[in-house]
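Residue-level structure breakdown
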Amino acid sequence: EEAFKPRKDNEIKLPDTISFFRVDTVEDEKELFLHWILGDCGFSSFLVFVNSVEVTKRISSTLSLSFPSFTVSSLHAKMEQKQRLRRLRLGLKYH
């Protein structure tokens, strides 16, 4: 798919074990496209960045239901720092 392609950006230096992708799609299809990527592309772990707490909560909930074998965790600005660190440690423990 043309919209799903590795991003080559000279300003971003990542380890060889990490790939950075940007998905360009219309607003109404973003979550559907995310589900397709997670279900069909064969990656074992993901970080998904969104732009609001509400979207974070909704996506986290739908991904947990849609992919019960995945460990889904969310971090957002309305959480206390202690909660964010705990979730980050738990998420990294599984990968």
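The structure this text deals with has already been given above.
All figures in this text were calculated on a predicted structure; none of them were measured in a lab.

Each value, and the rule that gives it
- Residues numbered from 1 in each chain as written.
- Predicted model: local features only at pLDDT ≥ 70, side-chain atom pairs only at ≥ 80, totals over all residues.
- Heavy atoms only, no water.
- 1 Å grid on protein atoms, 1.4 Å probe; cavity = no way out; pocket = protein on both sides within 12 Å on 5 of 7 lines; lining within 4 Å.
- Points joined across faces, edges and corners; volume = space filled by probe spheres on them.
- Helix = DSSP H or I, 4+ residues; strand = E, 2+ residues; numbered from the N terminus.
- Nonpolar A, V, L, I, M, F, W, Y, C, P; charged D, E, K, R; others polar.
- Core = buried A, V, L, I, M, F, W, Y, C linked by side-chain atoms within 4.5 Å.
- Buried < 20%, exposed > 50% of the residue type's maximum accessible area, 1.4 Å probe, protein only.
- Contact = heavy atoms within 4.5 Å.

Moving on: the layout of surface pockets. In this structure, the largest pocket occupies an estimated 2200 Å³ of space. Lining the largest pocket are 46 residues, and of these L34, F46, L47, V48 and F49 lie nearest its centre. Secondary structure elements with two or more residues in the lining of the largest pocket: β2 (21–23), α1 (30–40), α2 (53–66) and α3 (81–93). The residue inventory of the lining of the largest pocket, partitioned by class, reads 24 nonpolar, 14 polar and eight charged.

One finds L34, L38, V55, I59, L63 and F67 forming the largest nonpolar core, which totals six residues. Elements with a minimum of two residues in this core: α1 and α2. If one sorts the elements of this core by residue count, α2 sits on top with three residues. For I59, the contacting residues outside a window of four places in its chain are E31 and L34.

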